[in-house]
There are 2 protein chains.
Amino acid sequence: MEGDRNPQHPDVHTLTLQQVLEALVDPVRRSIVTRLHEARTDLKCGSFDLPVGKSTATHHFRILREAGLIRQYYAGTARMNALRYAEIDEVFPGLLGAVIAADRAASSRLAPA
Amino acid sequence: MEGDRNPQHPDVHTLTLQQVLEALVDPVRRSIVTRLHEARTDLKCGSFDLPVGKSTATHHFRILREAGLIRQYYAGTARMNALRYAEIDEVFPGLLGAVIAADRAASSRLAPA
DNA sequence: ATCAAAGTTTGACCGACGTCGTACTTCGTG
DNA sequence: CACGAAGTACGACGTCGGTCAAACTTTGAT
């Protein structure tokens, strides 16, 4: 069975601003969200090239999932991640967009084209 | 002289998203920002009725000031606080408004009229 | 059947942050 | 001048969050 491998995702209406901000305040997690938004596609955990070990990466993905920012599901051995942009924007209008825009600006300032 | 009592305020263009988010992630500080925005007026530190001691309150006001979110100045013995809304919104468009709106919604849900 | 790839889980560590109490400073007022 | 009000400065303390390494699980491929 594949029940245990499909983790729980919180309903959007149960999310708190506190949780969302705590998730977005970490630079690593914010880079995941921004990257996911730029890609416009679901991405596997491995494709992020994060500056931390695997176990730490797992930790960050769980924080994001529990905050309601991403949805996770398995495709073979790879765990896919989808940004729950529209759902979040429904509950916290403009928030995610503003953070992502600001993060993109900051990143491009650090790593210019 | 009154030089030492007028603290430094960072230029808006030196602010980082990281600093701003770190400032806004604390509930006490967020309540200060939200209150300041609702009041549409500068407020003295004492008028916030925060659930922490005086020294902790001073700490929070400093974090907000160094993040560029508020401007502080003295009026007699009282220290006044002004929200730098327009300046912040210029650098991080929509961010502060979205956070405040979400925070107001959360607060009204906890303490209904 | 074996093996490697991809994540997870667990436990430990450490530095940072929020908190407090106390002492101190500065200003207005009786 | 003396006193109280309003904050600030300084340590100290406890907790929580990000980090890692090592062992484990599950899946796909050989």
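The rules behind each value
- Residues numbered from 1 in each chain as written.
- Chains lettered and ligands numbered in written order.
- Predicted model: local features only at pLDDT ≥ 70, side-chain atom pairs only at ≥ 80, totals over all residues.
- Heavy atoms only, no water.
- Helix = DSSP H or I, 4+ residues; strand = E, 2+ residues; numbered from the N terminus.
- Rg over C-alpha atoms; globule rule 2.2 N^0.38 Å.
- Buried < 20%, exposed > 50% of the residue type's maximum accessible area, 1.4 Å probe, protein only.
- Contact = heavy atoms within 4.5 Å.
- Areas by Shrake-Rupley, 256 points an atom, 1.4 Å probe, with all protein chains shown as cover.
- Lys, Arg positive; Asp, Glu negative; His and termini not counted.
- Charge placed at Lys NZ, Arg CZ, Asp CG, Glu CD.
- Buried area = accessible area lost by both parts, 1.4 Å probe.
- Salt bridge = Lys/Arg side-chain N within 4 Å of Asp/Glu carboxyl O.
- Nonpolar A, V, L, I, M, F, W, Y, C, P; charged D, E, K, R; others polar.
- Near = heavy atom within 4 Å.
- Least-squares fit on C-alpha atoms with pLDDT ≥ 70 in both.
- UniProt positions renumbered as here; feature names shortened; annotations may be inferred.
- Expected span 1.5 Å × (residues − 1).
- Polar contact = N/O pair within 3.5 Å; in protein donor to acceptor, adjacent residues only side chain to side chain.
- Pairing = 2+ DSSP bridges.

1. A short note on the overall build of chain A
- A count of helical and extended segments in chain A gives 5 helices and 3 strands.
- The linear arrangement of helices and strands in chain A, starting from the amino end, is α-α-β-α-β-β-α-α.
- Relative to its length of 113 residues, chain A is compact, with a C-alpha radius of gyration of 14 Å against a globular reference of 13 Å.
- With respect to the three principal axes, the spread of C-alpha positions in chain A is 45 × 30 × 25 Å.
- The burial tally for chain A puts 41% of its 113 residues in the buried class.
- For chain A, contacts bridging at least 24 residues in sequence account for 62% of all contacts bridging at least 6.
- Surface exposure of chain A reaches about 6,400 Å², of which carbon and sulfur atoms provide 52%.
- Here chain A contributes 14 positively and 13 negatively charged side chains, and the mean placements of these two sets differ by 6 Å.

2. A short note on the interface of chain A and chain B
- On the side of chain B, 16 residues touch chain A, which itself brings 16 residues to the contact.
- For the chain A and chain B pair, buried surface summed over both sides reaches about 1,200 Å², with 74% attributable to carbon and sulfur atoms.
- Where chain A meets chain B, there are 0 salt bridges.
- Secondary structure elements with two or more residues in the side of chain A that touches chain B: α1 (17-24), α2 (27-39) and α5 (95-110) of chain A.
- Grouping the amino acids of the side of chain A that touches chain B by side-chain chemistry returns 11 nonpolar, 2 polar and 3 charged.

3. Points about the protein's contact with DNA strand D
- A:Arg29, A:His60, B:Lys54, B:Thr58 and B:Arg79 are the nearest of the 21 residues found near DNA strand D.
- Taking the atoms of DNA strand D that fall within 4 Å of the protein, sugar and phosphate contribute 68% of them.
- For the surface near DNA strand D, the secondary structure elements donating two or more residues are α3 (54-66) of chain A together with α3 (54-66) and β3 (78-83) of chain B.
- Among the elements that take part in the surface near DNA strand D, α3(A) stands out by supplying 4 residues, more than any other.
- Its residues assigned to classes, the surface near DNA strand D comprises 4 nonpolar, 11 polar and 6 charged.

4. Here's the deal with the relation of the copies chain A and chain B
- Of the transformation superimposing chain A on chain B, the axial component is 0.0 Å and the angular component is 180°, with the fit at an RMSD of 0.0 Å. Such values leave the two copies arranged in the relation of a two-fold axis. Taking C-alpha positions as reference, the residue of chain A nearest the rotation axis is A:Leu95, located at 3.0 Å.
- Interface overlap between copies is the fraction of interface residues in one copy that are interface residues in the other; for chain A against chain B it reaches 100%, indicating a shared surface.

5. What about unusual backbone geometry?
- Of note, A:Arg40 is a non-glycine position whose phi angle comes to about 55°, a positive value.
- Within the secondary structure, A:Arg40 is located in the loop between α2 and β1 (43-44).
- Residue classification places A:Arg40 among the exposed positions, given a relative accessible area of 70%.
- In the Ramachandran plot, B:Asp49 falls in the positive-phi region, its phi being about 55° despite a non-glycine side chain.
- Within the fold, B:Asp49 resides in the loop between β1 (43-44) and α3.

6. Focus: the UniProt feature "domain: HTH arsR-type" (unreviewed entry) in chain A
- Following the UniProt record, the feature "domain: HTH arsR-type" (unreviewed entry) maps to residues 9-103 of chain A here.
- As annotated, residues 9-103 of chain A has a helix share of 53% and a strand share of 15%, and its two end C-alpha atoms lie 25 Å apart.

7. So, α2(A)
Residue and element names in this part refer to chain A.
- Taking 1.5 Å per residue, 13 residues should reach 18 Å; α2 reaches 18 Å between its end C-alpha atoms and fits that length.
- Looking at α2, one finds that the buried residues are Val 28, Arg 29, Arg 30, Ile 32, Val 33, Thr 34 and Leu 36.
- Sitting at the head of α2, Asp 26 places a side-chain oxygen 2.8 Å from the backbone nitrogen of Val 28.

8. Digging into α1(A)
- Here α1(A) lies mainly inside the structure; 6 of its 8 residues are buried.
- Against α2, α3 and α5 of chain A together with α1 (17-24), α2 (27-39) and α5 (95-110) of chain B lie the buried residues of α1(A).

9. With respect to the pairing of strand β3 (residues 78-83) of chain A
All names here are of chain A.
- Counting buried positions over the 6 residues of β3 gives 5, a clear majority of the element.
- Both β1 and β3 contribute to a ladder of 2 bridges, which runs antiparallel. Bridging from a neighbouring strand, Lys 44 pairs with Met 80 of β3.
- Direction of pairing for strand β2 (residues 70-75) relative to β3: antiparallel, over a ladder of 6 bridges. Within β3, the residue paired with Tyr 74 across the bridge is Arg 79.

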